[in-house]
Amino acid sequence: MQQLVQNLKNGDMAVLEVPFPALNPGHILVRNHYSVISAGTEGKTVKDARLGYIGKARTRKRELAQVIDSVKVNGLSTTYQRVMHRLEAPSALGYSCSGEVIAIGPGVKGFTIGDRVACAGSTAVHAEVITSPVNLCVPIPNDVDLKHAAFTTLGAIAMQGVRRADLGLGSNCVVIGLGLVGLLTLQLLEAAGVQVIGIDIDTDRIVLARRLGYGKIVHRQDPLLNEIIQDISRGEGTDSVIITAGTSSHDPIDLAGQLCRKKGRVVIVGSVPTGFNRGPYYKKELDLVMSCSYGPGRYDKEYEQKGLDYPISHVRWTENRNMLAFVDLLSRKKLDIESLITHTFPLESSQEAYQMILERTKSFTGVVLEYDTSRRLSKRVALKYQYRSEDEVNIGLIGAGSFAQNVLLPALKDRATLIGVASGRPNNARYAAEKFGFDYCTGEFEEVLEDDRINTIFIATRHDLHAPLVLQAMEKGKHVFVEKPLCLSQQDLDFIRNAYKSHGVQLMVGFNRRFAPQIQKLKKAFQPGIPVAINYRINAGSLPPDHWVHDAEQGGGRIIGEVCHFIDLACYFADAAPSSLAAHALSDISGLNDTLTINLAFTNGSTASISYFSNGNKKLEKERLEIFAGGQVAILEDFKTLALYGNRYEKTKLRRQDKGHVEQVSRFLKALRSGDPVPISMDEIYRSMQTTFKIEESIINHQMIAL
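So, here is what we can say about the structure in this document. The structure presented is a predicted model; accordingly, all values stated were derived computationally and were not measured.

## Regarding the overall build of the protein
Phase 1 of the analysis: In terms of regular secondary structure, the protein is built from 23 helices and 32 strands.
Phase 2 of the analysis: The globule rule puts the C-alpha radius of gyration for 707 residues at 27 Å, and the 29 Å found for the protein is close to it.
Phase 3 of the analysis: Taken along the three principal axes of its C-alpha coordinates, the protein extends 90 × 60 × 50 Å.
Phase 4 of the analysis: Put simply, the protein has 707 residues, and 54% of those count as buried.
Phase 5 of the analysis: At a minimum sequence separation of 6, the contacts of the protein that also span at least 24 residues come to 67%.
Phase 6 of the analysis: Of the accessible surface of the protein, which amounts to about 31300 Å², a share of 49% is contributed by carbon and sulfur atoms.
Phase 7 of the analysis: Within the protein, one finds 82 positive and 77 negative side-chain charges whose respective centroids are separated by 5 Å.

Below, the structure written as structure tokens:
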């Protein structure tokens, strides 16, 4: 299938052949008929991408700060490579479309194959096939034109702004900014019995709005503007102002303050600065409120991704119900969408549409992309086909996100044969396949697992998929390298160990730290067999409470998702199995348990204290490891600087941080070729994960756990 993408490095756009997106539980697969270009939001994205590096830095100050921090830790070369990867990877565009349901994921109710639907959000992109979570799509009646239904997302944005204005019958309202969302807002207000006044600085928009007959339309520079507002509002000022403009000027918000009556309300829908002249807002005691996109539920992962609805008795108008209400108005012929459509382009000519928007060569309002629904589509993209020897390590990758592309794939390239890559995001799959030399890319991981040419699977998905994919891959007789954690429960850990014993394949977990060059040097500095005392402090930094890692079902939390790394490294240095642990977490209102200390005892008398802190400061190095044994001390800071205190003092410092990813992958591949055991045994993997699972038990029960 085809998808419109943009290169964020230089702004180039292309229509690429990409695989179908993955169909996840709670989602439907939709073949697009139409999608709408948001000239404001998408236009800015495209414009920013065409800026030079200095221009990009000026518009993305937060990302610039992250780059600077990365240089300090990872070095200039590694940071540059990662930034270039981010910029070169094709980025999707679009968030409003309509089409026909062609497949339904597990757990979906209320939709059937063949249904006509409108979709919203980050997955509702300009592509022939898209996936949509159920709360971001709505059915379209047969009496509604699918072309008009493609505007549903934008209509929901306008509708939420109207709801935030809290107007009743007979009220009056000013709309500042008569782009597509502004014109939809005018129509919705009129349909609700509100007297409307539209204002804009663009003469073409003024002419169009007047021609369409949407209320009283006034140019911003009209000297009679204030008199017109006073006349319509009977000298009181308008009840509410909805700002749908997109500008860096303070004029819209200052003008809103001037036009509103006492105790009126100003609603911000568009992207405008919120600094304003305080006087009118203070003296009139105005309410200034934001309108969040399509409505309640937006950016809530429980609502959007998991499909958990808000009870209508508590939240009357969610984003999904706003979308339904908009479609209902279309069905009842209360809105005129056809008059807003000024241009329709086939998908293959979409670059021309964006060029027109950016250069403003023509006057435009609603710009629609149309898809050839008679075209035969392919779920996968074959880039090449070469014979692969069974004696080689022939790899299939499942999951092609940032970690896979920045870390795993560079470590694999030219060290193994790359055959198939599966990723839920079509543009990611195509980019990874092309850049690193895979034969094909797909959105269905089953295709990679079923490929007889592939004998080794690398798994780099989100944590909840690790265990089921590991089990399926082993059942197919394939060796497995899976990123940590291996799984999210003791039950799955036991299933995997049993499968490992049954299928005769190799299994490796991404506990990379033990392969870091400074760790290897540190290990050799101590006499084998003597007990060690370990003090390991991790300045992990905070993650937002709604980050997917904190999600118990998807990420498992930071203890399972991250602390397992440090448990494994402690076990590696102790060179013995843990015999007991006691863990204590800092109390936090969200119950995340991501600031904690863990005390471990080992069967050979070694001890370890692991301090995993999320409440620190990023200016401090992230990891500090101290090992005490036999009259010697070693201190490692951030896998760069190693100090050894013994008969003599020795200090070494690497130019850049190396956490052992490349060495780990290299040794795994070497073991597969030679037939030797992989560098981390199943017993070691099992005890590291089992110990990790016991940490939360210790925290909850406030007791030491015997292992």
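## Remarks on the packing of aromatic side chains
Phase 1 of the analysis: Applying the stated criterion across every chain, the model contains 9 aromatic pairs.
Phase 2 of the analysis: An angle of 85 degrees between the planes, with centres 5.3 Å apart, marks the rings of Tyr-536 and Phe-566 as edge-to-face. Placement of Tyr-536 in strand 24 (residues 533-539) and of Phe-566 in helix 21 (residues 558-574) is noted, with a sequence separation of 30 residues between them.
Phase 3 of the analysis: Among the residues examined, Tyr-536 registers a relative accessible area of 2% and is labelled buried.
Phase 4 of the analysis: The exposure class of Phe-566 is buried, given its relative accessible area of 3%.
Phase 5 of the analysis: Seen in terms of ring centroids, Tyr-572 and Phe-573 are 5.6 Å apart; in terms of plane orientation they differ by 65 degrees. Their pairing is edge-to-face.
Phase 6 of the analysis: Residue classification places Tyr-572 among the buried positions, given a relative accessible area of 15%.
Phase 7 of the analysis: Feature note: the residues Phe-458, Phe-481 and Phe-668 constitute an aromatic cluster, connected by ring pairs.
Phase 8 of the analysis: Directly above the aromatic system of Trp-317 lies the positively charged group of Arg-316, at a separation of 3.9 Å from the ring centroid.
Phase 9 of the analysis: Taking the ring centre of Tyr-686 as reference, the NZ or CZ of Arg-497 above it sits at 3.8 Å.

## Some points on the sheet that holds strand 4 (residues 91-92)
Phase 1 of the analysis: If you trace the 3 strands from one edge of the open sheet to the other, you get 2-1-4, paired in antiparallel fashion. The open sheet has two edge strands, strand 2 (13-17) and strand 4, and neither has a second partner.
Phase 2 of the analysis: With 5 bridges connecting them, strand 1 (residues 2-6) and strand 2 associate as antiparallel partners. Residue pairing in the sheet places Leu-4 in a bridge with Val-15 of strand 2.
Phase 3 of the analysis: Sitting on the sheet, helix 14 (residues 350-359) is in contact with strand 1 and strand 2, with an inclination near 160 degrees to strand 2.
Phase 4 of the analysis: Relative to the sheet, helix 16 (residues 426-436) contacts strand 1, strand 2 and strand 4, its axis offset from that of strand 1 by approximately 75 degrees.

## Looking at the nonpolar core
Phase 1 of the analysis: Counting residues in each nonpolar core, the largest one holds 64 residues, and the members touching the most others are Phe-458, Val-470, Leu-486 and Ile-496.
Phase 2 of the analysis: A per-element tally of this core places helix 18 (residues 466-475) first, with 6 residues.
Phase 3 of the analysis: What Val-470 contacts, discounting residues up to four positions off in sequence, is Ile-459, Val-480, Val-482, Leu-486, Ile-496 and Leu-507.
Phase 4 of the analysis: Formed by 54 residues, the second largest nonpolar core is a distinct cluster that contains Ile-140, Val-269, Val-289 and Phe-326.

## With respect to the pattern of salt bridges
Phase 1 of the analysis: Scanning all chains against the criterion turns up 32 salt bridges.
Phase 2 of the analysis: Close ionic contact of Glu-684 with Arg-514 constitutes a salt bridge, the shortest N to O distance being 3.1 Å. Taken together, the positions of Glu-684 in helix 23 (residues 682-701) and Arg-514 in the loop between strand 23 (507-509) and helix 20 (517-525) put the pair 170 residues apart, joining distant regions of the chain. We note that Glu-684, like Arg-514, is buried.
Phase 3 of the analysis: Where salt bridges share partners, they join Glu-302, Lys-306, Asp-551 and Glu-553 into one cluster.

## Side note on unusual backbone geometry
Phase 1 of the analysis: Of note, the bond from Lys-484 into Pro-485 is cis; its omega dihedral lies within 30 degrees of zero at -5 degrees.
Phase 2 of the analysis: In this fold, Pro-485 is placed in the loop between strand 22 (479-482) and helix 19 (490-503).
Phase 3 of the analysis: Even without being glycine, Asn-593 reaches a positive phi, approximately 50 degrees.
Phase 4 of the analysis: In this structure, His-702 is a non-glycine residue whose phi angle is positive, near 55 degrees.
Phase 5 of the analysis: Its place among the elements puts His-702 in the loop between helix 23 and strand 32 (705-706).
Phase 6 of the analysis: Assessed through its relative accessible area of 65%, His-702 is described here as exposed.

## Quick look at the environment of Val-678
Phase 1 of the analysis: Inspection of the secondary structure assignment puts Val-678 in the loop between helix 22 (661-674) and helix 23.
Phase 2 of the analysis: You can call Val-678 buried: its relative accessible area is 9%.
Phase 3 of the analysis: For the pair Val-678 and Ser-35, spaced 643 residues apart in the sequence, the C-alpha separation amounts to 50 Å.
Phase 4 of the analysis: Excluding anything up to four places from it in sequence, Val-678 contacts Gln-506, Leu-507, Met-508, Phe-668 and Ala-671.

## Overview of a negative patch on the surface
Phase 1 of the analysis: A cluster of acidic residues, Glu-390, Asp-391, Glu-392 and Asp-452, forms a negative patch at the surface.
Phase 2 of the analysis: Within the secondary structure layout, Glu-392 lies in the loop between strand 17 (380-382) and strand 18 (394-398).

## Considerations on the packing of helix 21 against helix 23
Phase 1 of the analysis: Between helix 21 and helix 23, the least distance of the axes is 9 Å, while the angle of their chain directions is 120 degrees. When the axes of helix 21 and helix 23 are compared, the pair comes out oblique. Crossing of helix 21 against helix 23: the hand is right-handed. Of helix 23, the residues touching helix 21 (which contributes Ile-559, Ile-560, Val-563, Cys-564, Ile-567, Asp-568 and Cys-571) are Arg-687, Ser-688, Met-689, Thr-691, Thr-692, Phe-693, Ile-695, Glu-696 and Ile-699.
Phase 2 of the analysis: Residues that form the contact of helix 21 with helix 23 fall into these classes: 10 nonpolar, 3 polar and 3 charged.

Calculation notes
- Residues numbered from 1 in each chain as written.
- Predicted model: local features only at pLDDT ≥ 70, side-chain atom pairs only at ≥ 80, totals over all residues.
- Heavy atoms only, no water.
- Helix = DSSP H or I, 4+ residues; strand = E, 2+ residues; numbered from the N terminus.
- Rg over C-alpha atoms; globule rule 2.2 N^0.38 Å.
- Buried < 20%, exposed > 50% of the residue type's maximum accessible area, 1.4 Å probe, protein only.
- Contact = heavy atoms within 4.5 Å.
- Areas by Shrake-Rupley, 256 points an atom, 1.4 Å probe, with all protein chains shown as cover.
- Lys, Arg positive; Asp, Glu negative; His and termini not counted.
- Charge placed at Lys NZ, Arg CZ, Asp CG, Glu CD.
- Phe/Tyr/Trp six-rings, centres within 6.5 Å; stacked < 30°, edge-to-face > 60°.
- Lys NZ or Arg CZ within 6 Å of the ring centre and 35° of its normal.
- Pairing = 2+ DSSP bridges.
- Axes fitted to C-alpha atoms, helices over the stretch in contact; angles between N-to-C directions.
- Core = buried A, V, L, I, M, F, W, Y, C linked by side-chain atoms within 4.5 Å.
- Salt bridge = Lys/Arg side-chain N within 4 Å of Asp/Glu carboxyl O.
- Patch = residues over 30% accessible without salt bridge, like charges linked within 9 Å, V, L, I, M, F, W, Y side chains within 5 Å.
- Parallel < 35°, antiparallel > 145°, perpendicular 65-115°, else oblique.
- Left-handed = near helix turned anticlockwise from the far one by under 90°.
- Nonpolar A, V, L, I, M, F, W, Y, C, P; charged D, E, K, R; others polar.

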